[in-house]
Amino acid sequence: MHQAKLTLDPAFKVAPVSRRTFGSFVEHLGRCVYTGIYEPGHPGADDDGFRRDVLDLTRELGVSTVRYPGGNFVSGYRWEDGVGPVAERPRRLDLAWHSTETNEVGVDEFVRWCGKAGVEPMMAVNLGTRGIAEALDLLEYCNHPSGTALSDLRAANGAKEPHGIRMWCLGNEMDGPWQTGHKTAREYGRLAAETARAMRMLDPGLELVACGSSSSGMPTFGAWEAEVLEETYELVDYISCHAYYEEKEGDLGSFLASSADMQYFISSVVATADHVGARLKSRKKINISFDEWNVWYLSRFQNAEPRQDWPVAPPLLEDHYHLADAVAFGGLLITLLRNSDRVPAASLAQLVNVIAPIMTEPGGRAWRQTTFHPFAQASRHAAGDVLRVEPVSPSYETKAYGEVPLLEAVATHAEAGGTTLFAVNRATDAPLSLEIDARALGGVRVVEATTLSDPDVYARNTADDPTRVVPRPNPGVEADPLRVLLPPVSWNVIRLA
Ligand code: AHR
């Protein structure tokens, strides 16, 4: 048995919990839109063709913002194809995912879906094959009240009220050679700056995200952020980070420590942004929008035979997550929360079917993947302020990240709502006995302690067995001193009042 300790003290504040930490992402990719959020022929579809089961699960997941329509897809997208009478919308080739896009769903349908799901839309503009004029047109279509060609067109298409979209991404992964219209940092930085300047002339209240690196392993990582921010510093609010993790070559120990890379990524981007700010003599701080993060078995996708055909909504990137994936995922979520002072926005990529917490069968059932649970619990119970917890934990040696602590943890504290501790035990060989020093909170009692664990770390949920891996009450709680036993390879939530 391993032993660790941490301290809960409301004075150890990081920042208020940001609801936008719990954002997600819907891309026109595979079955995320078609047979994901939208399936008019489904027995449970509503009058707009949206799947009610997916809407219910999205609400249960506790998603705040949803980024749209890509991802790599956006870099070839013509938004005008997706508005107006559906029967007249063109079918187009989507080069990013070698698919055919029918355009049955476009911006108006997406915003209507967001209203039903109770989420805030976050829009990306195409800076791959398009530029300033098209970004301005989309912004005018979405946000201008009325009396111009494009705002009146929106009203004629059924959306009288402006969509009022506040958060906009200036392109997607423009550092990636796979991106249609890939650019150097300087080329992209200039285009992003001029697009941002023009968009702010139209709507000064926007929050704008410049593209950062597609991963911390990109050859241009660091230099990319510096050059892009030199061009855009006073014109944008966020720089993006994207990161995906997978278990490679059976190295479970490194995989469970994936958040070590996320922490390095965040710290490096914050340092780079602040360095550029200092050189520009600016008092402004650029924050991070971590607008793609997840576990993704990318190497399986990269090693698959390239497609020769152009199917409509093929099953793509449909990873089936197991317990260990959910635990690595929990570590990433804890890391995002712990950095809430500089990472106030994030998007879990993606929402449905495509590397997603929610899976569906076309015409059939929908279910929660293992990763659904850490996200839903954190979104439901994180409240008030994020607290550092100063863990003292044994560590283990990983191939990818060197020495990493067995325990990963963060807490939130709300005067009225109590204190919640989120903790991951990365140990594969034994439980971890966690002693919690809660003296600074006065007298506390455990309201609820749950654990997501399983004797088989590769256990999954399926349509036939959707509750194989779910949070269950943790029987290992002791009072005075407060101690909780965290099973090996587990995600844990401990709520105190
Ligand atoms: O989320 C899947 C893909 O990952 C996105 O389209 C792209 O931005 C990233 O490379």
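First, a word on what this report is: a plain description of the structure on this page. This is a predicted model, so every value here is computed, not measured.

**Quick word on the pattern of salt bridges**
This structure, assessed with the given rule, holds 37 salt bridges. With a shortest N-O distance of 2.7 Å, Asp53 and Arg51 are connected by a salt bridge. With relative accessibility at 22%, the residue Asp53 sits in the partly exposed group. With a relative accessible area of 0%, Arg51 lands in the buried category. Salt bridges sharing common partners tie together Arg186, Glu227, Glu230, Glu231 and Arg279.

**Topic: the pairing of strand 25 (residues 490-496)**
Among the seven residues in strand 25, six count as buried, and that is most of the element. In the sheet, strand 19 (residues 418-425) pairs with strand 25 via seven bridges, with the strands oriented antiparallel. Residue pairing in the sheet places Thr420 in a bridge with Arg495 of strand 25. Relative to strand 25, strand 21 (residues 446-452) runs antiparallel, the two being bridged by six bridges. For Val446, the partnering residue across the bridge sits in strand 25 and is Leu496.

**Topic: the sheet that holds strand 1 (residues 2-7)**
Within the open sheet, the four strands sit side by side as 1-20-24-23. Their pairing is mixed. Among the strands making up the open sheet, the edge pair consists of strand 1 and strand 23 (477-478). Direction of pairing for strand 23 relative to strand 24 (residues 483-486): antiparallel, over a ladder of two bridges. Paired with Glu478 across the two strands is Arg483, which belongs to strand 24.

**Considerations on the nonpolar core**
Residues Trp113, Trp168, Tyr188, Phe290, Trp293 and Leu421 are the most contacted members of the largest nonpolar core, which totals 152 residues. Sorting elements by how many residues they give to this core places helix 10 (residues 323-338) first, with eleven residues. Each of domain 1 (2-9 + 387-496) and domain 2 (18-381) gives at least three residues to this core. Sequence-distant contacts of Phe290, defined by excluding residues within four places in its chain, comprise Cys241, His242, Ala243, Met262, Phe265, Ile266, Leu336, Val343, Ala345, Ala346 and Ser347. Core analysis: the next-biggest nonpolar cluster, separate from the first, contains eight residues, Met122, Ala124, Met167 and Tyr238 among them.

**Side note on the sheet that holds strand 3 (residues 23-25)**
Note on sheets: strands pair through backbone hydrogen bonds, and any given pair is parallel or antiparallel. The eight strands lie next to each other as 3-4-7-8-9-10-11-12, forming a closed barrel whose pairing is parallel. Taking each pair of neighbouring strands and ignoring which way they run, the sheet shows an average axis angle of 30°. Both strand 3 and strand 12 (residues 345-349) contribute to a ladder of three bridges, which runs parallel. Looking across to strand 12, one finds that Phe25 is bridged to Ala349. Lying over the sheet, helix 5 (residues 185-202) contacts strand 7 (120-125), strand 8 (167-170) and strand 9 (207-210), oriented at roughly 150° with respect to strand 8. Relative to strand 11 (residues 287-295), helix 10 is tilted by about 175°, and along the sheet it contacts strand 10 (238-245), strand 11 and strand 12.

**Observations regarding the state of the cysteines**
Overall, the coordinates contain zero disulfides when judged by the stated rule. No disulfide involves Cys114; its sulfur sits 11 Å from the nearest other cysteine sulfur, which is in Cys142. Overall, the relative accessible area of 2% leaves Cys114 in the buried class. Take Cys211: it sits in no disulfide, and the sulfur closest to it among the cysteines is that of Cys169, at 7.4 Å. Overall, the relative accessible area of 2% leaves Cys211 in the buried class.

Calculation notes
Residues numbered from 1 in each chain as written. Predicted model: local features only at pLDDT ≥ 70, side-chain atom pairs only at ≥ 80, totals over all residues. Heavy atoms only, no water. Salt bridge = Lys/Arg side-chain N within 4 Å of Asp/Glu carboxyl O. Buried < 20%, exposed > 50% of the residue type's maximum accessible area, 1.4 Å probe, protein only. Helix = DSSP H or I, 4+ residues; strand = E, 2+ residues; numbered from the N terminus. Pairing = 2+ DSSP bridges. Core = buried A, V, L, I, M, F, W, Y, C linked by side-chain atoms within 4.5 Å. Domains from an automatic or database assignment. Contact = heavy atoms within 4.5 Å. Axes fitted to C-alpha atoms, helices over the stretch in contact; angles between N-to-C directions. Disulfide = S-S within 2.5 Å.

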